[in-house]
Amino acid sequence: MSGSAFSTALKTASGYIDVAANAHGEEKALLALRALERLPAGRSHLVEIGPGGGSAVAFLASQLAGGVHDSGRVRLTLVEVPGVASESLVQAMEDFNRVGICDLVTGFAQDIAGLLPERVDVISASALLHEVYSYGGGYSGLHSMIRTLPTVLKSGGMFAYRDVYAVNSPSLHDRLQQTYTARSWLRFLRMFVPQYLSEGTHPYHSAADLVVFRQDSRVVPAEGLCGTTSVVASAPVGIFREIQRHYVTLRDHVWRSGVLGFRPFLEGPLASDWIDARRGHKLVHYVLTDTDWLPATQKAMMLALSERYGDHLTVDGDIFDECTDIALTAFLDAAGRGDGECGMVWEGWVSREGRETYAYLTLDALLAAFAVNSVEADHAERTVLMPMRVDDVLRRNRAYYNRYLKRSIPNPLRDAKQLVLFANVPVSDVGALNAGMACLQQWCSKTNLARVYAAINRGG
């Protein structure tokens, strides 16, 4: 993102790139592998935008080494923001070069047409479009990015996309009510909502999008919320999506900092020690740090119910969540006063993630936006980006977060990732268009289907 608001230093810090943003390699690479398997023999040039710490690159290398893709040596081009340095990415590239060809170019996603000397077979991106939206011009930047993709993809090429799941709603502007009672959530509302609405890039600007908080049946501004009284909030569903997702990312950020007195393992094998994976119930592995925020009774309870596991401790995830939310409440109080390390940890999170808009489009609107804007791309052959098969659109639930959210707020929104594999279909290919339209019918409203149909046929 070339805009000045993009926090390059924080987004590219080793603690973020190599650790916090370097998980789920299998999920990030899943659709790229599917795309490679569908390509005709001899076509295997893949581009990944924003490889970060290289988790997807490493997973691709492991799969190619196992013979999953057999159409010859795959060429992988990585496109990364200037100034990004990641030791784990260097290692992943070395692994990939044993089974294919991997090179790195620097630049911003919006400039990809000038970074690639030739059109490619597959482009893969994770968590790209919400950053383009947040730092690259809102919806206009997002639509411009979509119009660029067909110009750098070969006819029949594919775009593998993964990002935060939006909501199951006709529109992000549909109003809902939510109740918050937990003290950590109340303090988060008071600190996060005013700065996000005033400083973030978001679409909630009309009178109908007004966020209304009530405590004791009186309307209260967000910055005036009491931290000990339940709140009934009325707002667009998209705002609640932002509040919920940002709370989760803040909680993880604070955990990783160690400022609460403990640091859980959020990546690697120890992060997936499941008691019941389907229900999101797991054991949390953690180490103690020098800072001590938990009240003595809570800390004693957590330690009494924890067990020694090698050089660290492990405890039931539900117990860990309950105890650490108490510590997070104290942290937010201190951060609100600007106290020392807590203030710095809060400001670091706000600068890196606190202004981003995660849920910019529902799935219905996203699929329609890709189809409509891709047809308007400025290149000789008119093509349209659309999924071809029902299983080209996937949702991966975050069972652990969903379990926590259900215990924290009355009617939480689903926490998940959504994945879509788009094919770059020539509008002259009637058979492929019919397959794509049939696929869109599974998720798109009749209104958006009509928009797609009109856009495709506008050129004759």
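## Quick word on the overall build of the chain
Inference 1: Scanning the chain for helices and strands turns up 17 helices and 17 strands.
Inference 2: The C-alpha radius of gyration computed for the chain amounts to 23 Å, which stays within 12% of the reference 23 Å derived for 460 residues, consistent with globular compactness.
Inference 3: Across its three principal axes, the chain shows a C-alpha extent of roughly 70 × 55 × 40 Å.
Inference 4: Charged side chains of the chain number 44 positive and 49 negative; the gap between the two group centres comes to 5 Å.

## Considering the nonpolar core
Inference 1: Core analysis: the biggest nonpolar cluster contains 59 residues, and Tyr180, Phe188, Phe213, Ile243, Phe262, Phe331 and Trp346 have the highest contact counts within it.
Inference 2: With nine residues, the top contributor of residues to this core is helix α10 (residues 237-257).
Inference 3: Setting aside its immediate chain neighbours within four residues, Phe188 contacts Val193, Ile243, His246, Tyr247, Leu250, Leu332, Trp346 and Trp349.

## Topic: the side chain of Ser86
Inference 1: Summarising the element assignment, Ser86 is placed in the loop between β2 (75-80) and α5 (87-96).
Inference 2: You can call Ser86 buried: its relative accessible area is 7%.
Inference 3: A polar contact is formed between the side chain of Ser86 and the backbone nitrogen of Leu89, at a distance of 3.1 Å.

## A look at the pattern of salt bridges
Inference 1: Considering all chains together, one arrives at 21 salt bridges under this definition.
Inference 2: Residue Glu26 is joined to Arg396 by a salt bridge in which the shortest nitrogen-to-oxygen separation is 3.4 Å. In this pair, Glu26 is assigned in helix α3 (residues 25-38) and Arg396 in strand β16 (residues 393-397), connecting sequence segments 370 residues apart.
Inference 3: Here Arg396 falls in the partly exposed class, since its relative accessible area comes to 28%.
Inference 4: What emerges from the salt-bridge pattern is a single network uniting Glu26, Glu27, Arg162, Arg396 and Arg398.

## What to know about α10
Inference 1: Compared with the 30 Å implied by 1.5 Å per residue over 21 residues, the 30 Å span of α10 between its first and last C-alpha is a close match.
Inference 2: Where burial is concerned, most of α10 is hidden: 19 out of the 21 residues are buried.
Inference 3: Trailing α10 by a residue or two, Gly258 shows a phi angle of about 80°, which is positive.

## Comments concerning empty space enclosed by the protein
Inference 1: For the structure on display, the rule yields three cavities of 30 Å³ or more.
Inference 2: Space inside the largest cavity adds up to approximately 50 Å³.
Inference 3: Lining of the largest cavity is provided by Trp255, Pro264, Phe265, Leu266, Leu270, Ala271, Lys282, Leu283, Val284, His285, Phe320 and Tyr400.
Inference 4: The greatest single-element share of the lining of the largest cavity, amounting to four residues, is contributed by strand β12 (residues 281-288).

## Overview of the state of the cysteines
Inference 1: Per the counting criterion, the structure on display carries zero disulfides.
Inference 2: Cysteine Cys323 is unpaired, with the sulfur of Cys342 as its nearest cysteine sulfur at 18 Å.
Inference 3: On the basis of relative accessible area, Cys323 is assigned to the buried category, the value being 0%.

## Structural notes on the sheet that holds strand β7 (residues 212-215)
Each strand in a sheet pairs with its neighbour through backbone hydrogen bonds, running either in the same direction (parallel) or in the opposite one (antiparallel).
Inference 1: Reading across from one edge, β6-β9-β7-β8 is the order of the four strands in this open sheet, with antiparallel pairing throughout. In the strand order of this sheet, the two ends are held by β6 (175-180) and β8 (218-220), each with one partner. For this sheet, the mean angle separating the axes of adjacent strands, direction not counted, is 30°.
Inference 2: In the sheet, β6 pairs with strand β9 (residues 231-236) via six bridges, with the strands oriented antiparallel. If you follow Tyr180 over to β9, its bridge partner there is Val231.
Inference 3: Sheet contacts for helix α9 (residues 183-199): β6, β7 and β9; angle to β6, the most-contacted strand, approximately 130°.
Inference 4: Of the strands in this sheet, β6 and β9 are in contact with α10, which crosses β9 at around 120°.

## A short note on unusual backbone geometry
Inference 1: In this structure, Ala127 is a non-glycine residue whose phi angle is positive, near 60°.
Inference 2: Within the secondary structure, Ala127 is located in the loop between β4 (120-126) and α7 (129-135).
Inference 3: Positive phi, close to 55°, is recorded for Asp216, a residue that is not glycine.

## Some details on helix α12 (residues 317-336)
Inference 1: Helix length check: α12, at 20 residues, gives a terminal C-alpha distance of 27 Å against a target of 28 Å (1.5 Å per residue), a fit within 8%.
Inference 2: Counting buried positions along α12 yields 14 of 20 residues, so the element is predominantly enclosed.
Inference 3: By the N-cap criterion, in which a side-chain oxygen at the helix start approaches the backbone nitrogen of a residue two or three places on, α12 is capped by Asp316, the distance to Asp318 being 2.8 Å.
Inference 4: One or two residues past the end of α12 sits Gly338, with phi positive at roughly 80°.

Scoring rules and cut-offs
- Residues numbered from 1 in each chain as written.
- Predicted model: local features only at pLDDT ≥ 70, side-chain atom pairs only at ≥ 80, totals over all residues.
- Heavy atoms only, no water.
- Helix = DSSP H or I, 4+ residues; strand = E, 2+ residues; numbered from the N terminus.
- Rg over C-alpha atoms; globule rule 2.2 N^0.38 Å.
- Lys, Arg positive; Asp, Glu negative; His and termini not counted.
- Charge placed at Lys NZ, Arg CZ, Asp CG, Glu CD.
- Core = buried A, V, L, I, M, F, W, Y, C linked by side-chain atoms within 4.5 Å.
- Buried < 20%, exposed > 50% of the residue type's maximum accessible area, 1.4 Å probe, protein only.
- Contact = heavy atoms within 4.5 Å.
- Polar contact = N/O pair within 3.5 Å; in protein donor to acceptor, adjacent residues only side chain to side chain.
- Salt bridge = Lys/Arg side-chain N within 4 Å of Asp/Glu carboxyl O.
- Expected span 1.5 Å × (residues − 1).
- 1 Å grid on protein atoms, 1.4 Å probe; cavity = no way out; pocket = protein on both sides within 12 Å on 5 of 7 lines; lining within 4 Å.
- Points joined across faces, edges and corners; volume = space filled by probe spheres on them.
- Disulfide = S-S within 2.5 Å.
- Pairing = 2+ DSSP bridges.
- Axes fitted to C-alpha atoms, helices over the stretch in contact; angles between N-to-C directions.

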